[in-house]
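Inside the fold
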Amino acid sequence: MAAAADDDTTTYDERSEYVDPDWTVVLPRRKRRKCQPKVSHPEQDVKEQQLAPPDLEVDEERESKLMQKIETSLKKLESSKFFELFLNQIQDPEVFNCFSRVLGSEPSMKMVVYGIGSIESFEAPRLQLSLVMLMKRKFEWIGDVEVFDPVLSGTETRVLESLGYSVITVNEEGRRQALKPTLFFMPHCEASLYHNLLEVNWNADMLRNLALFGNSFESYEHHNDVVKDYIASPYTKRILAARTFAEEFRVKTGPDDHCRAFYESSWLFFNPNHEQGLPIV
Ligand SMILES: C[S@@+](CC[C@H](N)C(=O)[O-])C[C@H]1O[C@@H](n2cnc3c(N)ncnc32)[C@H](O)[C@@H]1O
């Protein structure tokens, strides 16, 4: 049985699977604050996932420890300045209108969580899961929650299921069609996953059904503009194309130390013009 890392002090670059090829966390000696996109090349983006297969064994003691850790994260997040700002932002009419537009006449939207990471080993994924739990509690318009990350262990899967979430059993590679209003919660995922999601939904009706929490698309564009000799990968190209009709609202991280779990994240909504058609990528 693979031992679960007990992590509350573990940083991202201590475990290579948490280093996104498109994002570098710039860690000054003591503080972790500034995060910026990294120059990427197509061949880097097409990297194979070389993750160890997840540990599928179920362990009741680990389950109960994990539950306690999630409870702690939940309390920490709920009382944070970050969460206050987060709720205010969703309730701000400009953002709320975007959610209403996605909902249309439906009473709720499904939530699909991709790339949450190991909730047993790292605090950032636990804080991200806590945000999912708090959103679900606060907003009745959030429906069923489905979760997938190839690193999820048997213990993590059991805990997620006991929280009432469905764990997806096949790797969709982010290619879920938004045939109905769907909130995709994809914190710090790789560009390829956003690309796949956009590609499979590349028509006006499906794009309008999408609300996305993920890496800032504006930052991808900014990086593309300022870095000389930057070679936009095929994945980034679709993200940049989506920028032409996306509405983006940067998530404010506030003064507390949740920055690491939510840095450079945005809400994204897509409202392409039917007449103009979608850009060809
Ligand atoms: C950079 S990590 C981010 C982890 C976590 N959200 C965080 O902020 O620390 C990207 C995550 O995406 C996951 N991932 C890779 N391929 C995926 C796929 N096809 N579907 C869902 N998640 C995937 C990886 O296993 C990894 O946990």
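Residues numbered from 1 in each chain as written. Predicted model: local features only at pLDDT ≥ 70, side-chain atom pairs only at ≥ 80, totals over all residues. Heavy atoms only, no water.

Moving on: the packing of helix α7 (residues 191–200) against helix α10 (residues 234–243). The contact between α7 and α10 brings their axes to 8 Å, and the two run at 55 degrees. By the angle between their axes, α7 is oblique relative to α10. Where α7 crosses over α10, the two elements pack in a sense that is left-handed. Judged by residue contacts, Ala191, Ser192, Tyr194, His195, Leu198 and Glu199 of α7 engage Pro234, Tyr235, Arg238, Ile239 and Ala242 from α10. Within the contact of α7 with α10, the residues separate by chemical class into seven nonpolar, two polar and two charged. (Axes fitted to C-alpha atoms, helices over the stretch in contact; angles between N-to-C directions. Helix = DSSP H or I, 4+ residues; strand = E, 2+ residues; numbered from the N terminus. Parallel < 35°, antiparallel > 145°, perpendicular 65-115°, else oblique. Left-handed = near helix turned anticlockwise from the far one by under 90°. Contact = heavy atoms within 4.5 Å. Nonpolar A, V, L, I, M, F, W, Y, C, P; charged D, E, K, R; others polar.)

Taken in spatial order, the seven strands of this open sheet run β5-β4-β3-β6-β7-β9-β8, and their pairing is mixed. Looking at the sheet topology across the chains shown, the edges are occupied by β5 (166–167) and β8 (246–250). Taken together, the five bridges between β8 and strand β9 (residues 265–270) define a ladder with antiparallel strand orientation. Bridging across to β9, Glu248 finds its partner in Leu268. Strand contacts of helix α3 (residues 81–91): β7 (210–215), β8 and β9, with the helix running at about 15 degrees to β9, the strand carrying the most contacts. (Pairing = 2+ DSSP bridges.)

Averaged over the protein chain, the pLDDT score is 83; the fraction of residues at 70 or greater is 78%. pLDDT under 50 marks residues 1–6. Its contacts with residues more than four places away, or in other chains, come to 13 contacts. Across residues 8–50, confidence stays below pLDDT 50; counting only partners more than four residues off in sequence or on other chains, it has 90 contacts. (pLDDT = per-residue confidence, 0-100.)

Membership of the largest hydrophobic core comes to 47 residues, with the highest contact counts inside it found for Phe86, Phe99, Leu131, Met135, Leu183 and Trp267. When residues of this core are assigned to their parent elements, the largest contribution, eight residues, is made by helix α5 (residues 123–138). Those residues in contact with Phe86 that lie beyond four places of it in its chain are Leu131, Met135, Phe213, Val251 and Trp267. In this structure, Ala178, Met186, Trp202 and Leu210 belong to the second largest nonpolar core, which totals 28 residues. (Core = buried A, V, L, I, M, F, W, Y, C linked by side-chain atoms within 4.5 Å. Buried < 20%, exposed > 50% of the residue type's maximum accessible area, 1.4 Å probe, protein only.)

On to the packing of helix α2 (residues 60–78) against α5. Running from amino to carboxyl end, α2 crosses α5 at an angle of 70 degrees, the nearest separation of the two axes being 8 Å. The orientation of α2 relative to α5 falls into the category roughly perpendicular. The interaxial crossing formed by α2 with α5 has right-handed handedness. Taken together, the residues of α5 that come into contact with α2 (itself represented by Leu66, Lys69, Ile70, Ser73, Leu74, Lys76, Leu77 and Glu78) are Glu123, Arg126, Leu127, Leu129, Ser130, Leu131, Met133, Leu134, Arg137 and Lys138. Its residues assigned to classes, the contact of α2 with α5 comprises nine nonpolar, two polar and seven charged.

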